[in-house]
Amino acid sequence: MEALSSLIHGFDVLLTWQNMALMLFGIVLGIFVGVLPGLGGPNGVAILLPLTFSMDPTSAIVLLSCIYWGALFGGAITAILFNIPGEAWSVATTFDGYPMAQKGQAAEALTAAFTASFVGSFLAVVLITFLAPLVAGFAIRFGPPEFFAVYLLTFCSFVGLGREDKHKIVISLVIGFLLTAVGMDTVSGQLRMTFGSVELLRGFDFLVAVIGLFGVGEILLTMEESFAFRGKKAVISPTVVFRTWATLPKYWLTLLRSSAIGCWLGITPGGAIAASFMGYNIAKRVAKDKESFGQGRIDGVLAPETAAHAAGTSALLPMLALGIPGSGTAAVLLGGLMVWGLQPGPLLFVEQKDFVWGLIASMYLGNIVGLIVVLATVPLFASVLRVPFPTIAPMILVSCAVGAFAVQNAVFDIWLMLAFGVVGYVFKKLGYPLAPLTLALVLGDKAEDAFRQAMIGARGSMTVFFSNGLVGTITIIALLVLFMPLIGQAVAWVRGTRAPKIEPEAPPVSAPASEA
């Protein structure tokens, strides 16, 4: 009941004309961001984050979170109509969404995708409402060893559970750690790796790095690929919407199962991409007619969209409760909280109650408004795709430069942004993930401070990370997750050696031909 009363208070904070206008503006802008390949949720939030510096934190987070919700909805438009995923997690939606559009069922596929997105996000927000305060209350007991153990668990989860090559994830993390070490040491006050540069005294600003990595890097990659948009047109009428909604109850198990998959992979660093593919593959595996998947099934659209949006939304739970982002967008939002002078983590629920519950209330209302807006504006945003991307790219690049300059009013930050853009471009060309680097940029200095404070308190003894049941359990889980791929290989090898070897049967020996 306490969560419900706090949520009602959050709606009271949210329901002002200013916040409602920002919510609508953010959703429309987010749909635009999600529709354009080369942008996407993390990129749009990173580019537009400097615009919120003059706002109060509640209005700022409402705008940015609604940009994220809109981007989640918008990615399905290009996937279904043009067979081009607007977001990475929309790839699985193309498997059945585009075939439905080819059959003349584009409106039905879009309605199913938007509704599935709403269901997945809504169930994830319910989870956040009731679980985040409990996690935050438990985390208040944490000291430096416990916080470092949680950071270690986060880093190890990216390595052990990541889909990319393990060495690439580790390299991305290490580069992020090196970047956070530039500047003044927060414990000793010494300068590190500044090489006599005055501009590097403050280190690499998180916002400048993120705008370059995501915004500029994606623009360079997209312009190189020179997209040509050709697809189906769609107009969603109320008749189609209600007819599609009438068929959804028989897919309730798919929606619940995909929501559960998405929530789990959102809280852990599995991510929306893994959730969408897992939701689709499991839906295909349990179906009676597996061969029809990929030919235009509505549950082939429902499963990945529900899972992806549940994962994208539930990734905010560890960010709010523990100060640990569960996705790239959550990492950008985490950086925004720090810019606004807020300290993410368990004390946020105590010290900034209005902010937290206003944000959670905006998740409920933002998803409802987003569903209505996206159903009404599909033809408009689909027509945007017919504008050549090289025409739009310079405007986006100028926005990135203005955002980077606004951080410290320094031209040097624009050059840094361009340098990080090249790094992001190279990372994507070589298949290196950006999420671990972003995570290290956000949490690297915090993890270092927690580790050094724990070491100072324990006089250099590493046993402090096993000094009580809580920190010891988290540390052991982190190590198990880190070495999970090796453990899996070892188990498979043991099972293979114990399996009985079946000797191949000798081929029958033919009788010699009789001599003449």
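How each quantity is defined
Residues numbered from 1 in each chain as written. Predicted model: local features only at pLDDT ≥ 70, side-chain atom pairs only at ≥ 80, totals over all residues. Heavy atoms only, no water. Helix = DSSP H or I, 4+ residues; strand = E, 2+ residues; numbered from the N terminus. Buried < 20%, exposed > 50% of the residue type's maximum accessible area, 1.4 Å probe, protein only. Contact = heavy atoms within 4.5 Å. Areas by Shrake-Rupley, 256 points an atom, 1.4 Å probe, with all protein chains shown as cover. Phe/Tyr/Trp six-rings, centres within 6.5 Å; stacked < 30°, edge-to-face > 60°. Lys NZ or Arg CZ within 6 Å of the ring centre and 35° of its normal. Patch = residues over 30% accessible without salt bridge, like charges linked within 9 Å, V, L, I, M, F, W, Y side chains within 5 Å. Salt bridge = Lys/Arg side-chain N within 4 Å of Asp/Glu carboxyl O. Axes fitted to C-alpha atoms, helices over the stretch in contact; angles between N-to-C directions. Left-handed = near helix turned anticlockwise from the far one by under 90°. Nonpolar A, V, L, I, M, F, W, Y, C, P; charged D, E, K, R; others polar. Polar contact = N/O pair within 3.5 Å; in protein donor to acceptor, adjacent residues only side chain to side chain. Expected span 1.5 Å × (residues − 1). Arc of directions from axis to C-beta.

Per an unreviewed UniProt entry, the recorded name for the protein is Tripartite tricarboxylate transporter permease, and the organism is Flaviflagellibacter deserti.

Undergrad: Would you mind showing me how to read the overall build of the protein here?
TA: Across its full length, the protein holds 23 helices and two strands. Split into buried and exposed, the 516 residues of the protein put 55% on the buried side. Long-range pairs, those at least 24 residues apart, make up 78% of the contacts in the protein with a sequence separation of at least 6. Summed over its atoms, the accessible surface of the protein is roughly 22700 Å², and 67% of this surface lies on carbon and sulfur atoms.

Undergrad: Would you mind showing me how to read the packing of aromatic side chains here?
TA: Within a pair of aromatic rings, the relevant descriptors are the distance that separates the centres and the angle that separates the planes. Enumeration over the complete set of coordinates arrives at eight aromatic pairs. When the centroid spacing of 5.7 Å and the interplanar angle of 85° are considered together, the rings of phenylalanine 242 and tryptophan 245 count as edge-to-face. Taken together, the residues span about one helical turn, with phenylalanine 242 and tryptophan 245 both in helix H10 (residues 238-247) at a distance of three residues. On the basis of relative accessibility, which here comes to 54%, the residue phenylalanine 242 falls in the exposed class. On the basis of relative accessible area, tryptophan 245 is assigned to the partly exposed category, the value being 32%. Each member of the aromatic cluster is reached from another via a ring pair, and the members are Phe118, Phe122 and Tyr364. Here the basic side chain of lysine 168 rests over the ring of tyrosine 432, its NZ or CZ set 5.3 Å away from the ring centre.

Undergrad: Quick question: what am I supposed to make of a nonpolar patch on the surface here?
TA: A cluster of nonpolar side chains, Phe466, Ile476, Leu479, Leu480, Phe483, Leu486, Ile487 and Val491, forms an exposed patch at the surface whose accessible area comes to about 700 Å². Listing elements by their share of the nonpolar patch, those giving two or more residues are helix H22 (469-482) and helix H23 (484-498). Checked against the element boundaries, isoleucine 487 lands in helix H23. The exposure class assigned to isoleucine 487 is partly exposed, which follows from its relative accessible area of 39%.

Undergrad: Would you mind going over the packing of helix H4 (residues 57-81) against helix H17 (residues 353-376) with me for this structure?
TA: Each packed pair of helices is defined by two parameters, the angle between the axes and the distance between the axes. The interhelical angle for the contact between H4 and H17, taken along N-to-C directions, is 35°, at an axis separation of 9 Å. As H4 runs across H17, the sense of the crossing is right-handed. For the pair H4 and H17, contact is made by Pro57, Thr58, Ile61, Val62, Ser65, Cys66, Trp69, Phe73 and Ile77 and by Phe355, Leu359, Ser362, Met363, Gly366, Asn367, Gly370, Leu371 and Val374, respectively. Considered class by class, the residues forming the contact of H4 with H17 number 12 nonpolar, six polar and no charged.

Undergrad: Looking at this model, I keep getting lost on the pattern of salt bridges. Mind explaining?
TA: If the charged atoms of two oppositely charged side chains come close together, the side chains can form a pair. Considering all chains together, one arrives at three salt bridges under this definition. A salt bridge links aspartate 299 to arginine 297; its shortest N-O distance comes to 2.6 Å. Across the pair, arginine 297 and aspartate 299 agree in class, each one buried. Linking glutamate 448 and arginine 452 is a salt bridge whose minimum nitrogen-to-oxygen distance equals 3.1 Å. Here glutamate 448 and its partner arginine 452 are both found in helix H21 (residues 435-457), four residues apart, which amounts to about one turn of the helix.

Undergrad: Even after reading the chapter, I still don't get the side chain of threonine 313, so can you show me in this structure?
TA: Note on placement: threonine 313 falls in helix H13 (residues 299-314). A distance of 2.9 Å separates a polar side-chain atom of threonine 313 from the backbone oxygen of histidine 309.

Undergrad: Even after reading the chapter, I still don't get helix H8 (residues 166-180), so can you show me in this structure?
TA: Two residues of an α-helix separated by three or four positions point the same way, owing to the 3.6 residues in each turn. The first and last C-alpha atoms of H8 sit 21 Å apart over 15 residues, in line with the 21 Å expected at 1.5 Å per residue. Looking at H8, one finds that the buried residues are Lys168, Ile169, Ser172, Leu173, Gly176, Leu179 and Thr180. Down the axis of H8, the smallest arc covering the buried residues is 135°, so these residues share one side.

Undergrad: What exactly am I supposed to notice about the side chain of serine 258 here?
TA: Position of serine 258 among the secondary structure elements: in helix H11 (residues 252-267). Look at serine 258 and you get buried, because its relative accessible area is 1%. In contact with serine 258, not counting residues within four places along its chain, are Gly279, Ala303, Thr306 and Ala307.

Undergrad: What is the right way to look at the environment of threonine 438 in this model?
TA: Its location among the elements puts threonine 438 in helix H21. What makes threonine 438 buried here is its relative accessible area of 1%. As a C-alpha pair, threonine 438 and glycine 176 span 262 residues in sequence and 6.8 Å in three-dimensional space.

Undergrad: Could you clarify how one ought to interpret H10 in this entry?
TA: Looking only at H10, the buried set comprises Val240, Val241 and Thr244. One face of H10 carries all of its buried residues, which in axial projection span an arc of 100°. The exposed residues of H10 that point more than 90 degrees off its buried face are Pro238, Thr239, Phe242 and Ala246.

Undergrad: Quick question: what am I supposed to make of the packing of H11 against H13 here?
TA: Contact pair H11 / H13: the axes reach a minimum separation of 7 Å and the direction vectors enclose 35°. Note that H11 runs across H13; the crossing there is right-handed. The segment H11 lies against H13, with Thr254, Leu255, Ser258, Ser259, Gly262, Cys263, Gly266 and Ile267 engaging Asp299, Leu302, Ala303, Thr306, Ala307, Ala310, Ala311 and Ser314.

Undergrad: Explanation requested: the environment of arginine 297 in the structure shown.
TA: Take arginine 297: it is sitting in the loop between helix H12 (271-286) and H13. As for arginine 297 and proline 99, which are separated by 198 residues in sequence, their C-alpha atoms are 8.4 Å apart. The contact partners of arginine 297, leaving out residues within four places of it in the chain, are Asp96, Met100, Ala287, Asp289 and Ser292. Polar contacts involving the side chain of arginine 297 include one to the side chain of aspartate 299, which spans 2.6 Å.

Undergrad: Even after reading the chapter, I still don't get the environment of tryptophan 69, so can you show me in this structure?
TA: On the secondary structure map, tryptophan 69 appears in helix H4. Taking C-alpha positions, tryptophan 69 is 9.0 Å from glycine 312, a pair spaced 243 residues apart along the chain. In this structure tryptophan 69 touches Thr313, Leu316, Ser362, Met363 and Gly366, once residues within four positions along its chain are discounted.

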